[in-house]
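Topology and contacts: notes
Listed here are the chains, written in short residue letters.
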Amino acid sequence: MGAEVVIEGLTKSFGKQAIWRDVTLTLPPGEVSAMLGPSGTGKSVFLKSMIGLLKPDRGRCVINGVDIVTCSEHKLYEIRKLFGVLFQDGALFGSMNLYDNVAFPLREHTKKSETEIRRIVLEKLDMTGLNGADKKLPGEISGGMRKRAGLARALVLDPEIILVDEPDSGLDPVRTTYISQLFLDVNAQIDATFLIVTHNINLARTVPDNLGMLFRKELVMFGPREVLLTSEEPVVKQFLNGKMQGPIGMSEEKDSAQIAAEQAMFDAGHHAGGVEDVSGVPPQMQPTPGVPTRMGAVRRKDRVMEIMHRLPPAAQESIIASLSPEEQHHYGVHPRRVAQAQQQVQQQVPAGMRPPGDGVPNQHHGQLPADQVARIPGGQPPRSGTHRMPPNNGPGGR
Ligand SMILES: Nc1ncnc2c1ncn2[C@@H]1O[C@H](COP(=O)(O)OP(=O)(O)OP(=O)(O)O)[C@@H](O)[C@H]1O
């Protein structure tokens, strides 16, 4: 099973430029997670910080009991071996054929014989659909093949955690779906923990088990996919719909005057962009038939059902609807029970007086409960620790 990654209060700046602060989340072992965020919000910096290529200012990033922010160089070197990283362009050596590119980490970091290396390289090329392409140079193959070769190389040291930086960059929508399918198939085969950084909405809506979003130097939310995909939070809705209307601006966040001026323009009929109203939770992509079951997805079901009562009603409804009748029976849930319970509470108790934690979800306006999510940037300062996941019970809880 892949490693769990526990991130607490991680903060990074370059000189006076704050990139993000107090990022707290847990990547559940063997599950596929994705991080969204407008350009320049520091998603790549986040990935680099997770493998110790960049040093955060403060906070913790704990993997197998080792905090990579404070550990020794020697420990960091050991922990890095747990990672496979797929960079945007595959980061292949242009002068080496695919075979040598994929063999490179084995020759650098292990004492394996060439016979053993050959077995592993051909296995990973096969896994990534690159059978017979081993003699090609990176410049002779398509962008999609380069990414698959980058993935093959990321797999040779049997990683427990796979980081993927913008897998769709330079790819058409169809090839992006194929590479997404490959991630799920690989995840099913090796049960590694995945974190994919992306702008791609199709991928975000259909691939990961968990979704998060960085905006205005903070983690807006992170949790089961259903939470973000049913969120009414303006920045989330704007991002998912790719519209100009909302808090995300051309190069940075908008101020209220600009939002008002643009709103007047849209009210007067100007097209805000986006084709349709993207909302709701589409079915999640599955491994290709014949590929083993994703154990991460199996574990996730139990995990999400445990934290279910803390999630917003829309997310709960969606999670329950995604279960088979047998699973609903097994977990003792019913599609409409959540909505009915919510309705009853609203009818019986005046707004503002509803106690939290009574088994019936409070109104969260599409967000995770306060103790599970970072505050919305620009909102009230968080109470100490409000954005921390509850121990063993957050998205990474077991
Ligand atoms: N080594 C560095 N030194 C100084 N600033 C850096 C460094 N690396 C990144 N930055 C800055 O950090 C900010 C976030 O960059 P990053 O590439 O992580 O954003 P991103 O969210 O991945 O963007 P995109 O989606 O466009 O790839 C940018 O302003 C960038 O200029």
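Residues numbered from 1 in each chain as written. Predicted model: local features only at pLDDT ≥ 70, side-chain atom pairs only at ≥ 80, totals over all residues.

**Quick notes on the overall build of the protein chain**
- On a plain count of helices and strands, the protein chain comes out with 14 helices and 10 strands.
- Within the span of the protein chain, comprising 398 residues, buried residues form 41% of the whole.
- Put simply, of all contacts in the protein chain between residues at least 6 apart along the chain, 70% involve residues at least 24 apart. (Helix = DSSP H or I, 4+ residues; strand = E, 2+ residues; numbered from the N terminus. Buried ≥ 20, exposed ≤ 12 C-beta atoms within 10 Å, placed from the backbone. Contact = placed C-beta atoms within 7 Å.)

**Focus on the site of the ligand**
- Taken together, the neighbourhood of the ligand is formed by Phe14, Ile19, Gly37, Ser39, Gly40, Thr41, Gly42, Lys43, Ser44 and Val45.
- For the shell around the ligand, the leading source of residues is helix 1 (residues 43–50), giving three residues.
- Of the residues in the shell around the ligand, the class split is three nonpolar, six polar and one charged. (Near = placed C-beta within 6 Å. Nonpolar A, V, L, I, M, F, W, Y, C, P; charged D, E, K, R; others polar.)

**Points about the sheet that holds strand 4 (residues 58–63)**
- With respect to topology, four strands assemble into an open sheet ordered 2-1-4-5, the strand pairing being antiparallel. Of all the strands in the sheet, just strand 2 (17–27) and strand 5 (66–67) have a single pairing partner and so form its edges.
- Relative to strand 2, strand 1 (residues 5–14) runs antiparallel, the two sharing seven bridges. In the strand pairing of strand 2, isoleucine 7 is matched with leucine 25.
- Where helix 1 meets the sheet, it contacts strand 1, strand 2 and strand 4, and its direction lies at approximately 120° from that of strand 1. (Pairing = 2+ DSSP bridges. Axes fitted to C-alpha atoms, helices over the stretch in contact; angles between N-to-C directions.)

**What to know about the confidence of the model for the protein chain**
- In the predicted model, the protein chain carries a mean pLDDT of 83, and 82% of its residues have values of at least 70.
- For the stretch residues 354–398, pLDDT sits under 50, and the model shows 94 contacts to residues farther than four places along the chain or on other chains.
- The ipTM value of the predicted complex is 0.96, and its pTM value is 0.82. (pLDDT = per-residue confidence, 0-100.)

**Re the pairing of strand 7 (residues 161–165)**
- Across the five residues of strand 7, five count as buried, placing the element largely inside the fold.
- With burial as the criterion, each face of strand 7 is covered, one bearing Ile161, Leu163 and Asp165 and the other bearing Ile162 and Val164.
- In the classification by handedness, the crossover that spans strand 7, the intervening helix 6 (residues 173–190) and the parallel strand 8 (residues 193–197) is right-handed. (Right-handed = clockwise from strand over helix to strand, strands pointing away.)

**Structural notes on the sheet that holds strand 6 (residues 83–86)**
- Spatially, the six strands line up as an open sheet ordered 6-7-8-3-9-10, and their pairing is mixed. Unpaired on one side and paired on the other, strand 6 and strand 10 (218–224) mark the two borders of the sheet. The mean angle between the axes of side-by-side strands here comes to 15°, regardless of whether they run parallel or antiparallel.
- Note: strand 9 (residues 210–215) against strand 10, six bridges, orientation antiparallel. Bridged to methionine 213 within strand 10 is methionine 221.

**Concerning the environment of leucine 36**
- Along the chain, leucine 36 falls in strand 3 (residues 32–36).
- With 200 residues separating them in the primary sequence, leucine 36 and valine 236 have C-alpha atoms 9.3 Å apart.
- For leucine 36, the residues in contact, after removing those within four places along its chain, are Thr198, Ala204, Leu211, Gly212, Met213 and Phe239.

**Some remarks on the nonpolar core**
- Membership of the largest hydrophobic core comes to 81 residues, with the highest contact counts inside it found for Val102, Leu163, Phe183 and Met213.
- Excluding residues within four positions of it along the chain, leucine 163 makes contact with Leu47, Met50, Ile51, Phe83, Val85 and Leu195. (Core = buried A, V, L, I, M, F, W, Y, C linked by C-beta atoms within 7 Å.)

**Topic: unusual backbone geometry**
- Of note in the backbone geometry, aspartate 22 takes a positive phi value of approximately 50° without being a glycine.
- By secondary structure assignment, the location of aspartate 22 is in strand 2.
- We note that asparagine 64 has phi near 45°; this positive angle belongs to a residue other than glycine.
- Checked against the element boundaries, asparagine 64 lands in the loop between strand 4 and strand 5.
- On the neighbour-count criterion, asparagine 64 (13 C-beta atoms within 10 Å) is partly exposed.

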